[in-house]
Amino acid sequence: DGGITQSPKYLFRKEGQNVTLSCEQNLNHDAMYWYRQDPGQGLRLIYYSQIVNDFQKGDIAEGYSVSREKKESFPLTVTSAQKNPTAFYLCASTVNSPGFAFFGQGTRLTVV
Amino acid sequence: AQSVAQPEDQVNVAEGNPLTVKCTYSVSGNPYLFWYVQYPNRGLQFLLKYITGDNLVKGSYGFEAEFNKSQTSFHLKKPSALVSDSALYFCAVRDVGDNFNKFYFGSGTKLNVKP
């Protein structure tokens, strides 16, 4: 089945540690995205990538980093510079045509 | 920049009654508009889209939306609400031109359907 897989579903991190969230898609989509969602709030764009080996900062990129070495993969690293990383993280992808974005099931990151 | 607004944080409706979740947009050029639904601790699920054509768009689970260019609105509707429709709903617009792959999401509207 085609889709986006985010892993893990739940992640716990100690303060000061970096952690990487995985996002893999087998939809052959060109563009991929990372969003952050806080309780009771909407989606905020962290990073997006329109093509392999290229990505752009979104609205809240500070404290995060990404890579796009393969078309199907867009991992997000939450660094120790991110002061408040506890949130629900959503990965999405789409094709380069006027269609919708397809979302993964999310990773809930908690700093302990 | 493109933007969408969802003026209601929460909408309450009784089961069996019609529901409307409001969305207005601001875009330069022709809008590409979308509605998504999110259940707790899940990703967003696509409901429907307006790209071009008929102003009334039909989507999943009996939902529909009406594109109104003069009012720059794209309200989500359903003739008869179900308790299982209770969820968080997001309106979104896709950018144009060089930023074609950028989406802008509204703040979300929580729909509560009471038995």
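Use the structure listed above.
The structure contained in this document is the topic of the report that follows. (Residues numbered from 1 in each chain as written. Chains lettered and ligands numbered in written order. Predicted model: local features only at pLDDT ≥ 70, side-chain atom pairs only at ≥ 80, totals over all residues. Heavy atoms only, no water.)

Each helix and strand in chain B was counted, giving zero helices and twelve strands. Each helix (α) and strand (β) of chain B, taken in turn from the N terminus, gives the series β-β-β-β-β-β-β-β-β-β-β-β. Its C-alpha radius of gyration of 14 Å places chain B within 12% of the 13 Å reference for a compact globule of 115 residues. Counting the 115 residues in chain B, one finds 47% classified as buried. Within chain B, residue pairs in contact and separated by at least 24 positions form 55% of the contacts whose partners lie at least 6 positions apart. For chain B, the computed accessible surface area is about 5,400 Å², with 47% contributed by carbon and sulfur atoms. (Helix = DSSP H or I, 4+ residues; strand = E, 2+ residues; numbered from the N terminus. Rg over C-alpha atoms; globule rule 2.2 N^0.38 Å. Buried < 20%, exposed > 50% of the residue type's maximum accessible area, 1.4 Å probe, protein only. Contact = heavy atoms within 4.5 Å. Areas by Shrake-Rupley, 256 points an atom, 1.4 Å probe, with all protein chains shown as cover.)

This paragraph deals with the side chain of B:Ser73. Residues and elements named next belong to chain B. Counting through the fold element by element, Ser-73 comes out in strand E9 (residues 73–78). Take Ser-73: its relative accessible area is 4%, and that puts it in the buried class. Filtering out sequence-adjacent residues up to four positions away, Ser-73 remains in contact with Cys-23, Thr-24, Tyr-25, Glu-66, Phe-67 and Asn-68.

Summed over all chains, the structure comprises two disulfides over all chains. With a sulfur-sulfur separation of 1.9 Å, A:Cys23 is cross-linked through a disulfide to A:Cys91. Given an S-S torsion of about -75°, the disulfide between A:Cys23 and A:Cys91 has left-handed geometry. Here A:Cys23, found in strand E3 (residues 19–25), pairs with A:Cys91, found in strand E9 (residues 87–94); they are 68 residues apart in sequence, far enough to count as distant. Residues A:Cys23 and A:Cys91 agree in their burial class; the two are buried. Between the sulfur atoms of B:Cys23 and its disulfide mate B:Cys91 the distance is 2.0 Å. Here the S-S torsion is close to -65°, and the disulfide linking B:Cys23 with B:Cys91 is therefore left-handed. Remark: B:Cys91 occurs in strand E10 (residues 87–94) and B:Cys23 occurs in the loop between strand E3 (19–21) and strand E4 (24–26); sequence separation between them is 68 residues. By relative accessible area, B:Cys23 is classed as buried at 0%. (Disulfide = S-S within 2.5 Å.)

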